[in-house]
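# Breakdown of the fold
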Amino acid sequence: MRLSKAFVPTKKEVPADAQVASHIYMIRGGFIRKIAAGIYNFLPLGRRVIRKIENIIREEMDNAGALEVLMPAASPSELWQETGRWDKFGPQMLRFKDRKGSDFCFGPTHEEVIVDMVRREITSYRDLPINLYQIQTKFRDEMRPRAGLMRSREFIMKDAYSFDIDEEAANLSYDNMYETYKRIFTRCGLEFRPVEADTGAIGGSRSHEFQVLAKSGEDAIVACDSCDYAANVEQADFKTGAALDFGAGELKRVPTPGVKSASDAAKQLQVPESAVIKTLIYLADDKPVAVALRGDRELNEVALKKITGATQLFLARQGQVKKATGVLPGAVSPIGLSIPLYMDKELENAKGMVAGGGEDETHYKGVDVARDCGSEIIWRTLRVAEPGDACPKCSGKLEGFKGIEVGHVFSLGTVYSKPMKCDVLTADETSHPMEMGCYGIGVTRIAAAAIEQNHDDGGIQWPVAIAPYEVAVLPLQMKDDAVVAEGERIYQELLASGVDVILDDRFDRPGAKFKDADLVGYPLRVAIGGRGLKEGIAEVKWRNESEVQKIPLADVVDFVSKGIANAK
Ligand code: ATP
Ligand code: MG
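All values reported here derive from a predicted model rather than from experimental measurement.

Here the focus is the environment of Ala262. Looking at the secondary structure, you find Ala262 in helix H7 (residues 262–269). Each C-alpha atom of the pair Ala262 and Ala331 lies 9.9 Å from the other, and the pair is 69 residues apart in sequence. If sequence neighbours within four positions are ignored, Ala262 has contacts with Glu273, Val276, Lys278 and Gly295.

In the neighbourhood of ligand 1, 14 residues make up the surrounding shell, with Arg140, Glu142, Arg151, Ser152 and Glu405 lying closest. Contact between ligand 1 and His408: an oxygen atom at 3.1 Å from a side-chain N or O atom of the residue. When ligand 1 sits alone it has 580 Å² of accessible area, and the protein chains cover 81% of it. Looking at which element gives the most residues to the shell around ligand 1, the answer is strand E21 (residues 398–413), with four residues. Among the residues making up the shell around ligand 1, the classes are represented as five nonpolar, four polar and five charged.

Right, let's talk about the sheet that holds strand E31 (residues 549–552) for a bit. Here we have five strands laid out as an open sheet, ordered E28-E27-E29-E30-E31, and mixed in their pairing. Edge strands, defined here as strands with exactly one partner in the open sheet, are strand E28 (501–503) and E31. Strand after strand, the sheet turns through a mean of 25 degrees between neighbouring axes, direction not considered. Taken together, the four bridges between strand E29 (residues 524–528) and strand E30 (residues 537–542) define a ladder with antiparallel strand orientation. Looking at E30, one finds that Arg525 is bridged to Lys541. Along the sheet face, helix H15 (residues 556–567) touches strand E27 (471–475), E29, E30 and E31 and points at about 10 degrees away from the line of E30.

The tally for this structure, following the rule as stated, stands at 10 aromatic pairs. Between the aromatic rings of Phe106 and Phe139, the centroid separation amounts to 5.5 Å while the plane-to-plane angle is 45 degrees, which identifies the pairing as tilted. A residue pair is termed long-range when its members are at least 10 positions apart, and Phe106 in strand E6 (residues 103–106) and Phe139 in strand E7 (residues 130–139) qualify at 33 residues. For the pair shown, Phe106 and Phe139 are each scored as buried. Here a set of aromatic residues connected by ring pairs shows up, and it is made of Tyr178, Tyr181, Phe185, Phe192 and Phe210. When the ring centre of Tyr469 is taken as origin, the NZ or CZ atom of Arg48, which lies over that ring, is 3.9 Å away. Here the basic side chain of Arg95 rests over the ring of Trp86, its NZ or CZ set 4.8 Å away from the ring centre.

Here the focus is empty space enclosed by the protein. A complete count under the given rule lists three cavities of 30 Å³ or more for this structure. Reported here for the largest cavity is a volume of approximately 40 Å³. Taken together, Ala517, Asp518, Tyr522, Arg525, Lys541, Trp542 and Arg543 make up the lining of the largest cavity. Residue assignment for the lining of the largest cavity shows that the elements contributing at least two residues are helix H13 (510–520) and E30. Residue composition of the lining of the largest cavity, by class: three nonpolar, no polar and four charged.

Per the stated rule, a full pass over the model turns up zero disulfides. A disulfide-free cysteine, Cys227 has its sulfur positioned 3.7 Å from the sulfur of Cys391, the nearest such atom. Between Cys438, a cysteine without a disulfide, and Cys422, which holds the nearest cysteine sulfur, the sulfur-to-sulfur distance is 14 Å.

Moving on to the pattern of salt bridges. Scanning the entire structure with this criterion turns up 44 salt bridges. Residue Glu59 is joined to Arg187 by a salt bridge in which the shortest nitrogen-to-oxygen separation is 3.1 Å. In this pair, Glu59 sits in helix H2 (residues 44–63) while Arg187 sits in helix H6 (residues 167–187), placing the two residues 128 residues apart along the sequence. On the accessibility criterion, Glu59 (42% relative accessible area) is partly exposed. Each of Arg294, Asp296, Arg297, Glu346, Arg383, Glu386 and Asp389 takes part in a single network of salt bridges with overlapping partners.

Here we come to the sheet that holds strand E4 (residues 74–76). Across the sheet, three strands lie side by side as E4-E6-E5; this open sheet has antiparallel pairing. Here the strands that pair on one side only, and so sit at the sheet edges, are E4 and strand E5 (94–97). Taken pair by pair, the neighbouring strands of this sheet meet at an average axis angle of 35 degrees, ignoring direction. Looking at chain direction, E4 and E6 are connected through three bridges and run antiparallel. Bridging from a neighbouring strand, Ser75 pairs with Cys105 of E6.

Summarising the element assignment, Asp159 is placed in strand E8 (residues 154–164). There is a polar contact of 3.0 Å between the side chain of Asp159 and the side chain of Lys138. Of the polar contacts made by the side chain of Asp159, one reaches the side chain of Tyr161; its length is 2.6 Å. In contact with Asp159, not counting residues within four places along its chain, are His110, Leu132, Tyr133, Gln134, Lys138, Tyr439 and Gly440.

With that settled, the discussion passes to the layout of surface pockets. Put simply, the second largest pocket is a space of about 310 Å³. The wall of the second largest pocket is formed by 16 residues, among which Lys12, Arg28, Ala512, Lys515 and Asp516 lie closest to the centre. Per-element tally for the lining of the second largest pocket: the top contributor is H13, with seven residues. Taken together, the residues that form the lining of the second largest pocket break down as two nonpolar, three polar and 11 charged.

Rules of the game
- Residues numbered from 1 in each chain as written.
- Chains lettered and ligands numbered in written order.
- Predicted model: local features only at pLDDT ≥ 70, side-chain atom pairs only at ≥ 80, totals over all residues.
- Heavy atoms only, no water.
- Helix = DSSP H or I, 4+ residues; strand = E, 2+ residues; numbered from the N terminus.
- Contact = heavy atoms within 4.5 Å.
- Near = heavy atom within 4 Å.
- Polar contact = N/O pair within 3.5 Å; in protein donor to acceptor, adjacent residues only side chain to side chain.
- Areas by Shrake-Rupley, 256 points an atom, 1.4 Å probe, with all protein chains shown as cover.
- Nonpolar A, V, L, I, M, F, W, Y, C, P; charged D, E, K, R; others polar.
- Pairing = 2+ DSSP bridges.
- Axes fitted to C-alpha atoms, helices over the stretch in contact; angles between N-to-C directions.
- Phe/Tyr/Trp six-rings, centres within 6.5 Å; stacked < 30°, edge-to-face > 60°.
- Buried < 20%, exposed > 50% of the residue type's maximum accessible area, 1.4 Å probe, protein only.
- Lys NZ or Arg CZ within 6 Å of the ring centre and 35° of its normal.
- 1 Å grid on protein atoms, 1.4 Å probe; cavity = no way out; pocket = protein on both sides within 12 Å on 5 of 7 lines; lining within 4 Å.
- Points joined across faces, edges and corners; volume = space filled by probe spheres on them.
- Disulfide = S-S within 2.5 Å.
- Salt bridge = Lys/Arg side-chain N within 4 Å of Asp/Glu carboxyl O.

Right, here's the structure in full:
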C-alpha cells in the first residue's frame, strides 16, 4: 500500500472523551471513528488489525476441530422465551419490533440460536461431539460504554459452542478450547493469564477468563506468588487466618450517636476497623437477608448472589432496612435478627468485637460471635479476596493485578439444552439433553488490550502478528529521485517476499513521517535518506527499541523479511 493512496486520517489532538491509551491512539492513528456512544466505524487500518486477529482465531479454531458458521444479528423473542432470558436479560439487550409487530433482539450472545440450530439437525450420539463457532457482530446496550473498543455497545465477538454426549466428553471439549485460547492470545502477542472465574447467572460448573494484564483493566485479579493459582477476585478463594480475638468480655450496649458506618463506629469507640462487625441488609429477589463481615472488608456481591440463588440483588435502602430489622442502617445487629444471616467465615469464633446494637444509635461491645449471635448463622466466604491473602492451593501469598477480559470459556452443562429440548439419543437408546460449553473472545477488545500493553508517549507499538502493516518504508526526501527510486525498490522487493509493507510516499517532512509512523505503530520502520544513500545504508528501527540500525542497502530486504518472520 502507498500511503499517498491510503485512507489514514491521523490527528494531533487528543479526543476530548478519551482517557486510555488504546482509545486515544486508535482515534489519533486513524483506526476508528465514533458515530454514537459505544458505536464505531472501522477505517482501513482498524479493519486490517481486526482482520488479522480474526484470521489467527480462525486458524486456531479450525485446527482445534471447530466448524465456522454465521448466525444472524437479529433473533426472534420466541427462542429467548424458551430459556426465560427474554425477561431476564435486562436492558443490555437491544429489542425491536419488525413491521408485523413481532419482537426481536440484536443478539448480545447466541446460545438460544445455536441450540435451535443443533436440535433441529443433530439427534444421534454419532454426530457428537461438535463445536460450532462464528465471528460476528454483537450488540449489548452497556450502561457505561467506555474506552473506545474496550467496552463498546457494538463489538465483534468470536463465540463458539460445544455439544457433547456427557460430562466427561464436555470436559474434553472445554480443555481443548482452553488450550486453543492460550495459543490464540500468545499468537496475538498478548501477555495474559487464564484465571478462575465466576460461573454466575448462566450456571454451569467450570469457567475461566483470559485476562490481559494492564493497569487500565476493569477487572481485579489475584494470582499466587508461588503456584499457578489465579482468579478473578469475584471468584477467588483464599485461606482464612486465625480467629479474630480482641479479648474476651461481657456483651455491653453503648450509645453511639451519629454513627452510620463501620469506620464511624471504629473511630468513636476507638477500636481498629477490623474489630467491627458490619451487618448489611440486602434484598435478594425482594426478600431481606443480612450479611455480616469484618468492618474493613469488601462484600463479594457476586458470591452473595450465587449463595442466595437470587436473580436480582440490591443493597436495601434506609426504609427497607428499618422495615426488615426495626433499626436504621448504622445500628443493624447480627444479634437477634429474624431474617437469614450470612456471615463471612473470617468472623467464625471472633471475640471482643464491636457490632450494631439493634437499637438506633447504639452499638454492642464485647461481642463473642459463637456465644452471642445464635446458631442459625449461614457461614460462607463472603468477602472479596485481597492482595496479601493466603493462597488456597499452597503456602504462597496472593498478589493483585488489573486485567482486561479478552476471552471467557464456560462449561454450561444442560442449562440451555434442557429447557430447549436439545436432546441426543445415546448408544443405549436413551435420550438426554446435550452437555454444552460456550467460549467467547472479544475480537475488537483484543485490539484495545494489545495497545494498552504496547504503547509509549509517541503512539502504538503493535505486536507484529496483528499490526495493520508490519513494515513502513519511509523515503525521506520525495524530491530526490535517487531516494524515491531506492524506496520504491525496497518496497517492491519486500512486497514480493511476502512482507506486509506500506510506503510513505507523501511529500511530507521527515519529522512528520516519523511521527505518523510512531503513532500508527508499524513494528519496523525503514528510512531512506539522501545522506544514507551516499553511505550506502538505510536506517532501520524497531518501534519498541530505541536503537537505529544502519543496514547496507543490499541487505535491507533480507534483514527486514527475516526480522519480521522471526517476530511473528
Ligand atoms: P464483561 O464482564 O467485560 O462485561 P462479559 O463477561 O459480559 O464481559 P462474555 O459474555 O463473557 O462477556 O463475552 C465474551 C467476550 O466478549 C468477553 O470476554 C469480552 O472479551 C468480549 N466483550 C464482552 N462485552 C464487551 C463489550 N461491551 N465490548 C467489547 N468486548 C466485549
Ligand atoms: Mg465474561
